[in-house]
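A closer look at the structure
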Amino acid sequence: MKMTSTDRSGLDRNPFDDPLELEPDFLAASVEIQPSDHGSSSFPKQENPPQWRVFTPAEAAALLDEAETEADFGKGAFRADWIRRMAEDPRDGQRDLLRPHQAQIDAVDALSSSAPHFQQFFDIVRPALGAALRTGRPFSLQPILLVGEPGVGKTHVAREFARAIGLPFQSYSMPNQLGAGLLTGRDMSWKTPAIGIVAKTLIAGGVASPVFLLDEIDKTPGRGSEYGDPLGPLHDLLEPSSAQRVEDDCLKLHFDARHVIWMATANDLGSLPPSLLDRFLILEVQRPSQSQMQIVLEHLYREVILDWGDWFEPSLSPEAREGLRAAHPRKARRILAQALIIAAHHNRHKLDRVDIAQAAEIFEQSPASSRMGFV
């Protein structure tokens, strides 16, 4: 395996909906927001969590009169709203950092057991969590790029990792980004000016270390077009020395984004510039071996039967498991979900090889079957 270090937006709406306020042709982002209290109710609440100032309200206040004057003339009302929000921030620009509890580390261990082909990834994140737990320092993680064939579970594991440690998670489909603006915004000279996701998340969220996933980063289009390079700002955002003072091109204000956790997925590295690859820790993810796949299938089965109450047996039958032996994790999950429907229709509580075969045939006939995701 290779491992290398390397238009107004009212504030009464969810600030994470349509994060760039772009027309549909410009953005198709998949956004999932987790609570900003560092996790589910099963995790102990942090008492006096460490704080980090991610922006300076006084700098926003200095721009507020100018922004509101422009808004009065019908230009950039959404910009004035967000600058005002910064200037009046009740936390003085400070946001929480994560000091993990043992319960969160246990949740990551449970996730690790369900994805044995991701052990290289967990060999990185578990020591980072353990070190933070033992020293009392906030959790941090260097940018990680997961590389592997489609369907092995890269997006799923990234999302579930963020869920396990209780940090806000947002994923963005990079093949749908047609120009600059996603990360650090577009200034008011553009036809569609926009605030970047870094600024919006740090202003509206409760933590200084949200998790951003740039999905299929190798398929980002238009990097040499007149609309700008969507990946260009990463050169600054992934370097702590420059991330501590990143400017949002729309707000014209600076943010300290050095604690943001960056993850990305790719099928191939050939289209990505060396200068960007050098800023990621690159981890190759292989398709599960036959023995690993047995573990993956059992965890997938337990996951998909949750919505069925106690209708189905708690373990996957050997004959059903054998029928899924050749599928990758993403496809196996879809087949299992369909097979449960077929079995329940026939008033049965156990999956057999016929259920799996019938479900698999449905997806084999689908033109999109080769693109189905492990989600």
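Relevant structure appears above.
Each value, and the rule that gives it
Residues numbered from 1 in each chain as written. Predicted model: local features only at pLDDT ≥ 70, side-chain atom pairs only at ≥ 80, totals over all residues. Heavy atoms only, no water. Helix = DSSP H or I, 4+ residues; strand = E, 2+ residues; numbered from the N terminus. Buried < 20%, exposed > 50% of the residue type's maximum accessible area, 1.4 Å probe, protein only. Areas by Shrake-Rupley, 256 points an atom, 1.4 Å probe, with all protein chains shown as cover. Phe/Tyr/Trp six-rings, centres within 6.5 Å; stacked < 30°, edge-to-face > 60°. Polar contact = N/O pair within 3.5 Å; in protein donor to acceptor, adjacent residues only side chain to side chain. Contact = heavy atoms within 4.5 Å. Pairing = 2+ DSSP bridges. Expected span 1.5 Å × (residues − 1). Salt bridge = Lys/Arg side-chain N within 4 Å of Asp/Glu carboxyl O. Axes fitted to C-alpha atoms, helices over the stretch in contact; angles between N-to-C directions. Parallel < 35°, antiparallel > 145°, perpendicular 65-115°, else oblique. Left-handed = near helix turned anticlockwise from the far one by under 90°. Nonpolar A, V, L, I, M, F, W, Y, C, P; charged D, E, K, R; others polar. Core = buried A, V, L, I, M, F, W, Y, C linked by side-chain atoms within 4.5 Å.

**Looking at the overall build of the chain**
Secondary structure assignment for the chain yields 13 helices and 10 strands. Taken over 375 residues, the chain has a buried fraction of 51%. For the chain, the computed accessible surface area is about 16,500 Å², with 50% contributed by carbon and sulfur atoms.

**Quick notes on the packing of aromatic side chains**
This model, assessed by the stated rule, comprises six aromatic pairs. Their ring planes at 85° and their centres at 5.5 Å tell us that Phe121 and Phe161 sit as a pair that is edge-to-face. Here Phe121 is found in helix H4 (residues 119–135), whereas its partner Phe161 is found in helix H5 (residues 154–165), with 40 residues between them in sequence. Overall, Phe161 belongs to the buried group, its relative accessible area being 0%.

**A few points about the side chain of Thr265**
Secondary-structure assignment places Thr265 in strand S9 (residues 261–266). Note on Thr265: relative accessible area 1%, which makes it buried. Among the polar contacts made by the side chain of Thr265, one reaches the side chain of Asp215 at a distance of 2.5 Å. Beyond its immediate stretch of four places on either side in the chain, Thr265 contacts Leu145, Leu146, Lys154, Thr155, Leu213, Leu214, Asp215, Glu216, Ile217 and Asp218.

**Side note on unusual backbone geometry**
Although it is not a glycine, Glu216 sits at a positive phi angle of roughly 55°. Tracing the backbone through its elements, the reader meets Glu216 in the loop between strand S6 (211–215) and helix H7 (234–237). The backbone of Asn347 shows a phi angle near 60°, a positive value even though the residue is not glycine. Residue position: Asn347 is located in the loop between helix H12 (329–345) and helix H13 (353–364). For Asn347, a relative accessible area of 54% corresponds to the exposed category.

**What to know about the pairing of strand S5 (residues 169–173)**
Of all five residues in S5, five are buried; the element is thus mostly enclosed. A two-sided burial pattern is seen for S5, the buried positions comprising Phe169, Ser171 and Ser173 on one face and Gln170 and Tyr172 on the other. The pairing of S5 with S6 spans five bridges and is classified as parallel. Directly across from Tyr172, in S6, lies its bridge partner Leu214.

**As for H12**
Think of an α-helix as turning once every 3.6 residues; residues three or four places apart then point the same way. Its 17 residues place the ends of H12 25 Å apart at the C-alpha level, agreeing with the 24 Å of an ideal helix rising 1.5 Å per residue. Along H12, the positions that sit buried rather than exposed are Pro329, Arg330, Lys331, Ala332, Ile335, Leu336, Ala339, Leu340, Ile342 and Ala343. The inward-facing, buried residues of H12 contact helix H10 (290–304) and H13. Trailing H12 by a residue or two, Asn347 shows a phi angle of about 60°, which is positive.

**So, the pattern of salt bridges**
Taken as a whole and judged by the stated rule, the model has 22 salt bridges. Here Arg245 ties to Glu59 by a salt bridge, and the two come within 3.9 Å at their closest N and O atoms. Pair noted here: Arg245 is in the loop between helix H8 (240–243) and strand S7 (246–248) and Glu59 is in helix H1 (residues 57–72), with a separation of 186 residues, a long-range link. What emerges from the salt-bridge pattern is a single network uniting Glu68, Asp81 and Arg84.

**Re the packing of H1 against helix H2 (residues 77–87)**
To describe two helices that pack against each other, one gives the angle between their axes and the distance between the axes. Packing of H1 against H2 brings their axes to within 8 Å, and their N-to-C directions diverge by 155°. With respect to their mutual orientation, H1 and H2 come out roughly antiparallel. In terms of crossing hand, the pair formed by H1 and H2 is left-handed. Touching Pro57, Ala60, Ala61, Leu63, Leu64, Ala67, Glu68, Glu70 and Ala71 of H1 are Ala77, Arg79, Ala80, Ile83, Arg84, Met86 and Ala87, all from H2. Considered class by class, the residues forming the contact of H1 with H2 number 12 nonpolar, no polar and four charged.

**Notes on helix H3 (residues 102–114)**
For H3, with 13 residues, the first-to-last C-alpha span of 19 Å sits near the 18 Å given by 1.5 Å per residue. Those residues of H3 that sit buried are Gln104, Ile105, Val108, Leu111, Ser112 and Ser114. On the buried face of H3, the contacting elements are H4, H5 and H10.

**Quick word on the nonpolar core**
By size, the foremost hydrophobic cluster in this structure holds 50 residues, and its most contacted members are Leu145, Ile217, Leu234, Leu251, Phe255 and Trp262. Those residues in contact with Leu251 that lie beyond four places of it in its chain are Leu63, Arg79, Trp82, Ile83, Met86, Ile195, Ala199 and Ile203. One finds Phe118, Val211, Ile261 and Val285 within the second-largest nonpolar core, a separate group that totals 32 residues.

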